[in-house]
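A closer look at the structure
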Amino acid sequence: MPSTPPVQHRTRFLDQRIPSLYAGKYTLTTQQSIGGVNTADALPDRVQRFDVRGLRFAIAGDDVHACYPLPGSTGLYSQVLPHVTLTTPGVPWLRPLAEQEPSVPWLALLVFREHELPGDPQAIGRVDACRVRELLAGRLDSGQTLPGCGPQIEPEWLFADEVDLVCSTILVPGELFTAIAPLPEEMAALAHVREGGPPDATRGATPPPDDEELKAVVVANRFPDVAGGMHVAHLVSFDGHEDLLVAKASVPAEGVRLVSLRSWVFESEPDSGTGFGDLVHNLAADPDPLLRLPARAPADPTPVQREALERIATGATALPQRLASGERTAAFYRGPLTAAPAQALPDPVGGVRRESGDEALVYLEKYGVYDTGYASAFALGRALALADPEFRTQLLAWRKAARSAARRLLTHPELSGRAVTADTASLLRRDLARDAFDKLLTSDGNGSGEGARSSGEGARSQGCKLARALAGAGADVAAGRRRTPTPHASSGGVPTAGSLHTALARAEVREVIAAATATEMDPVTAWLDRLAVLEMIPFEHLVPDERMLPGESIRFFSIDPGWVRAAVDGALSVGIGHTLDSDLNELARGVRPAPACGVLLHSDLVEGWPDTLYTAFLDNRPVEPVRTATFGTHVLMVLFPQVIDTFTAAEPPQGIHFGFGDLGTIELRKITRPDIGMPMGEFPDAPGDDRFSRFLRPGGHDVLNIAGTGDALLPALAQAHNVAELSSAQFALQMVKAPQLQFFVRP
C-alpha cells in the first residue's frame, strides 16, 4: 500500500508554563549589616513594593485564540471534549490555588446542557453580571442577594481597580457541581501548552520552544449529550473556591457561584451511533468496488451467457430498445464509465469522424442484438448542442469564420507557407480585395511597390500598374483581344471542395486557420472541454442502473475516450452544411483529452461530512482531480487525468481536538523518542462497542473519570504505557482525536 505524503507540520505538547512570579502583590525587603558593628539605626531596612498583574475576573477577546466546537456551530460532537485555546501560554497557571500543586491551574472548562443552569435553562449563554465587590459581598447594590456560594478572596489581595470591574457569573446547583466539577489532579491533566510550527530539522533534535507558537489549552472533562441539543461551555475560575477542591468537600445546597471568564454556545446533533470511521470502514469492506452490475454466473455458462456476463463485467447493462422499424427488442448499453479499460474505438470507414448516430451503432450479428452505447453518446452530444442556443450560435459563427479563412488561404496560398504569427492570422481576417487594389495603385508592375513609392518622380514617370492597364485597355478592346487569367500554380485555380479537403489535411494549413479564427473558436472548444469531462452528461447516462451504485458504496471506474469522442462528434454534427464544415470540425475536436478514471461515492459522507479530504495517488505521488461533482445530496464523483492506484478519504480536520473515535476507543501514541506520537494501537483493546464508556463517572452526566475512584482513565493509560504516571502533555497526546484516514486500493 502506498505511503502517505510526508508531514509538513509539527505539534508539540508541553506540560505547563508556571511563571517565575504568580500574579499578585509583592513586598521586597532589603537588609544590610556589617559584621561586628551595630548598624541597626545607621542602615535601616529598605522596603520595595511591586505588583504582578494578570487577568482574574475577565478575559479580553484577543486573549482567546480559538474555541472548539466553534461558537454557534452545529455538528456531531458527542465524542469530543470541548476545549479553549488561549493566546498567552501561561494564563492557566498565573495564580496558585491554596494547598494545591503548582501544576493545578486556577481555570477549568465546564460544559452544561439544557435545563441544568437555573439562570440559563435553554443553554444560550445567559450569565449574571455584577461588580466584583458585589460578588464578594454576596449582595447587589440594590439589596438583592446573590444566591450561591461565591469566591472567598481577602480584600487586601485585590487591586484598587479590580473592585469595580464588571464580571460575569453563573450559579451551578450543588448536586450538578459535585457531578461534573474536575478534581485537582484532573484539572492538571486537562491543561497543557501546545506548540505548532515547521518540521524539526532532525527527528532526534529537540529545538527550544518557539514563544510565538505557544498556546495554552484548557480541555473540558465532559462530553456533549448523545441525544443532542444546545450546550454552553464556560471557562470558570476556581480562585477563591479552593475549599471545594478538597477531597469530600461539602458543596452548599444553594449551589456555587463561579466567575465565567469566557463562554460560548454550540449545538450537538443526535448521535446515531454511525460516525465517519464506521462509514469509511463499511465502504472499504465492499468485495467488488468496480462500477458494474452484480451478476452471479452459472456453473457452466453457455456461449450466449458468457458473452452477456463479459459485457456486464465491463459495466454494461441490458435495456429495452425500439428499432427504427418500430420493433421492440433488448440491447446492451454502457456509458462513459467502465469497470475495465475500454478497447480503442476504430475510426469509421472513409474518415475519422462520425456524422450520424447510425455510424456509431454496434450490431452483434452473432447474437442478433445491438450495443447502443456509442450511438447513444452521439445522440446525447447532438441533443445537448441543440438544447444550448448560445453554443449553437457560437458554433455557426466559428464555422462561418473558418470557411472564409480556408477559402482565402487557398486563394492566397503564399500565406500558408508563413510561420503562424499574429500577423499571418490578421492577414486572413483583413479585406484582401482592398489590399490588392492598393497594390495595383502602388506597384510598378515588377512587384516593387515599396520601391516605387520611395523613388518619387521615377514612379510617376513610369506609371503604376493600374494606370498602364487602363491605358492599354481601349486598344485591346478595339482589336478584339481578350486576356485569359493564368491560374496560380499552387492554388489550382478557383478553390473546390477537393482542393479544400486536401489543403485541410496539411497541419500547417490547419494551424493557420485555427490561429485566424481563435476568437470565434475559443468558446466552442470551451464548451467541448466541458463535455469531455462529462460536465453536461445526465447522471442516468453515467450510471444507467441504480444497482451499480447502491447506498453506502464506493465504485472505481475507467473512462472510455471513444464514448466521449462519439458525444463530441454528435455535438459537432449540428449545422453541418457541406463537406467543408465536416473537415473544419477537426480543428475544434480533441482540444482536451477525456479523464482516465474516477471514483463514485454514494454515502452519507457526502452530506454529513462535506469537507472530507479526498486524495488520489499514483506511485505515492498525489494526482490532482480534473473535476469534482455532486449529484443530489449523497453522490460524489471525482475524475482524474491518470489511472490512480490509491484513493484516500480523510475526516475533515477542524483543528486539533480531543475525544474518542467512532468505535469507542482512542489511539495510543508513543510517549518516548525517537517515535513520539507514533500510533501504538487502539485503547482499550477489549472487544465490544463503546468501550470508552467504562471511563465515565456514574450518574449519566458523560463526565470523564480521569483520576477519580474506580476505573479511572489516567492510571489505565499509565499502565498501558508501563509507566508510573502520565504528565499533562502525555495525556493530551493520547486524547488527541486525530482525523480518521481510510485507504482504498484501486482494483
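Our subject is the structure listed above.
Description of the structure in this document.

Right, let's get into the packing of aromatic side chains. Each aromatic ring pair is characterised by the separation of its centres together with the angle its planes make. A full pass over the atoms with the stated rule returns 16 aromatic pairs. Relative to Phe692, the ring of Phe223 has its centre 6.5 Å away and its plane inclined at 85°; by these criteria the two rings are edge-to-face. In this pair, Phe223 sits in the loop between β12 (214–219) and β13 (229–237) while Phe692 sits in the loop between β29 (679–683) and α20 (713–720), placing the two residues 469 residues apart along the sequence. Ring geometry for Phe660 and Phe692: centres 5.1 Å apart, planes at 25°, overall stacked. Of this pair, Phe660 sits in the loop between β27 (658–659) and β28 (666–669) while Phe692 sits in the loop between β29 and α20; the two residues are 32 residues apart in sequence, bridging distant segments of the chain. A single burial state applies to Phe660 and to Phe692, both of which are buried. Three or more aromatic residues joined by ring pairs make a cluster, and in this case those are Phe223, Phe660, Phe683, Phe692 and Phe695.

This paragraph deals with the pattern of salt bridges. Scanning the model with the defined rule gives 21 salt bridges in all. The partner of Asp286 in a salt bridge is Arg555, with the nearest N and O atoms 2.8 Å apart. You can see Asp286 sitting in the loop between α4 (276–284) and α5 (303–313) and its partner Arg555 sitting in strand β20 (residues 553–559), a full 269 residues away along the chain. The class of Arg555 is buried, set by a relative accessible area of 7%.

The next point concerns a nonpolar patch on the surface. Residues Leu21, Leu28 and Phe50 make up a contiguous nonpolar surface patch of about 250 Å² in total accessible area. Looking at the element boundaries, Leu28 is found in strand β2 (residues 24–30).

What follows concerns the layout of surface pockets. Approximately 1,000 Å³ is the volume attributed to the second largest pocket. Residue lining of the second largest pocket: 38 residues in total, with Leu183, Pro184, Glu185, Glu186 and Ala707 positioned closest to the centre. Of all the secondary-structure elements, those providing two or more residues to the lining of the second largest pocket are α2 (174–180), α3 (184–189), α20 and α21 (728–735). Looking at the lining of the second largest pocket element by element, the count peaks at five residues for α3. Residue composition of the lining of the second largest pocket, by class: 23 nonpolar, nine polar and six charged.

Cut-off values and rules
- Residues numbered from 1 in each chain as written.
- Predicted model: local features only at pLDDT ≥ 70, side-chain atom pairs only at ≥ 80, totals over all residues.
- Heavy atoms only, no water.
- Phe/Tyr/Trp six-rings, centres within 6.5 Å; stacked < 30°, edge-to-face > 60°.
- Helix = DSSP H or I, 4+ residues; strand = E, 2+ residues; numbered from the N terminus.
- Buried < 20%, exposed > 50% of the residue type's maximum accessible area, 1.4 Å probe, protein only.
- Salt bridge = Lys/Arg side-chain N within 4 Å of Asp/Glu carboxyl O.
- Patch = residues over 30% accessible without salt bridge, like charges linked within 9 Å, V, L, I, M, F, W, Y side chains within 5 Å.
- Areas by Shrake-Rupley, 256 points an atom, 1.4 Å probe, with all protein chains shown as cover.
- 1 Å grid on protein atoms, 1.4 Å probe; cavity = no way out; pocket = protein on both sides within 12 Å on 5 of 7 lines; lining within 4 Å.
- Points joined across faces, edges and corners; volume = space filled by probe spheres on them.
- Nonpolar A, V, L, I, M, F, W, Y, C, P; charged D, E, K, R; others polar.

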